[in-house]
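# Geometric and topological summary
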Amino acid sequence: MEVIFVTFEKQVWVLIAVSFIIVMVAWWIIMSCEQRSWNIENMAIAITNLTSLTILGSVATVPKSAILRCVLITYLVYFIHINCGFTSNLINILTKPQYEFQISNLKQLADSNLPIYGHANFLKSQFNNDNVIECKLYRKLKESTFPATNIDQFIAVHLNLANHRNCAVVETEDYTFKLHQLWNINQKIYKIVDNSITGELVWRLQHYPNHYFSVYFERFIASITESGIGSKMYKDMKEDYMKTPRVEDDEKVVLTLRHLCFAFAFLGFGLLLSTAVFFIELAIARRAYRRN
């Protein structure tokens, strides 16, 4: 039944419940003032009519009072948007699996206490910044890092990340692409592109001074960079390889008791509540009959 509450956030559900209670109390007060009788029957009628409006969008009988009609129209206009938003996505919520929370930034990664692996030389060079040594996030991430001393351990960490997702790896984005291309890893891996802690990594090409090929090479690099051809080719190549092929499933998902258990639970709760109200009214009627 938890999947039903995925449609809205907790704050939205709380506001829906609060608005229901406020309108129900207002309905009961208006009815009681018009009839000059404060009793439980008026409250039961208000709850019944408001529940019918909430679930079905209609009531059995339209109230004759102009004030109650205004309340009915106002609540109906308000709740019709909530009802449409809930029911429009209900089939997808019931039939599609709900995935777990994904880490999307460095703070969430630090709070998750997952081990962060990386190449020993890379960790030594990147987590050696004295300018951010006082940063709590920097210290927490650095304490969670574990160096991979050899290539076999590094490969095992990447395979464990792709298959089990119980750890994290810190490295450059280009290196991740090269490893996936080398090992033919097609699993979806969530990436956090953020160098605010480690700083920017700059690559340099070096050559001998006054080399005859340096002039042509610099012109070639400048033309490729300024035109955007190099970055465009690299981006297309990386996207074509890294994207996971989508599996098309044309089979219709049959709704089972597991999908609709909330409806039967709601029906059972309503029947139990109706039975309890029936016996309470029966007891009240017997007591009133004995007094008379």
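Residues numbered from 1 in each chain as written. Predicted model: local features only at pLDDT ≥ 70, side-chain atom pairs only at ≥ 80, totals over all residues. Heavy atoms only, no water.

The next point concerns the overall build of the chain. Of the regular secondary structure elements, the chain holds 12 helices and three strands. Classification of the 292 residues of the chain by burial places 23% in the buried group. Long-range contacts, defined as pairs at least 24 residues apart, comprise 65% of the intrachain contacts of the chain with a sequence gap of at least 6. Here the chain has roughly 22,400 Å² of accessible surface; of this, 62% comes from carbon and sulfur atoms. (Helix = DSSP H or I, 4+ residues; strand = E, 2+ residues; numbered from the N terminus. Buried < 20%, exposed > 50% of the residue type's maximum accessible area, 1.4 Å probe, protein only. Contact = heavy atoms within 4.5 Å. Areas by Shrake-Rupley, 256 points an atom, 1.4 Å probe, with all protein chains shown as cover.)

Moving on: the confidence of the model for the chain. Here the chain shows a mean pLDDT of 77. Residues at 70 or above account for 80%. Contacts from residues 244-250, a stretch scored under 50 in pLDDT, to residues over four places away or in other chains number three contacts. (pLDDT = per-residue confidence, 0-100.)

Enumeration according to the criterion identifies seven aromatic pairs in this entry. Plain terms: the ring middles of Phe-278 and Phe-279 are 5.5 Å apart, the flat faces sit at 65° to each other, and that makes the pair edge-to-face. (Phe/Tyr/Trp six-rings, centres within 6.5 Å; stacked < 30°, edge-to-face > 60°.)

An ideal rise of 1.5 Å per residue puts 18 Å on 13 residues; helix α8 (residues 151-163) measures up with 18 Å between its terminal C-alpha atoms. Those residues of α8 that fall on the buried side of the exposure criterion are Phe-154, Val-157, His-158, Leu-161 and Ala-162. Viewed end-on, α8 has its buried residues packed into an arc of 130°, placing them on one side of the element. Capping the start of α8 is the job of one residue whose side-chain oxygen sits 3.3 Å from the backbone nitrogen of Asp-152: Asn-150. (Expected span 1.5 Å × (residues − 1). Arc of directions from axis to C-beta. Polar contact = N/O pair within 3.5 Å; in protein donor to acceptor, adjacent residues only side chain to side chain.)

Under the definition given, this model contains three salt bridges. One salt bridge in this structure joins Lys-232 and Asp-236, with 2.5 Å as the shortest N-O distance. With a gap of four residues between them, Lys-232 and Asp-236 both fall in helix α11 (residues 229-242), about one helical turn apart. A residue is classified by how much of its surface remains accessible, and Lys-232, at 47% relative accessible area, is partly exposed. Connected via shared salt-bridge partners are Lys-107, Asp-111 and Lys-140. (Salt bridge = Lys/Arg side-chain N within 4 Å of Asp/Glu carboxyl O.)

For Asn-42, the location among the structural elements is in helix α2 (residues 40-55). Exposure remark for Asn-42: the relative accessible area of 3% places this residue in the buried category. A distance of 3.5 Å separates polar atoms of two side chains, one belonging to Asn-42 and the other to Gln-35.

Within the fold, Ser-65 resides in the loop between α2 and α3 (66-88). Judged by its relative accessible area of 13%, Ser-65 falls in the buried class. A polar contact is formed between the side chain of Ser-65 and the side chain of Glu-34, at a distance of 2.3 Å.

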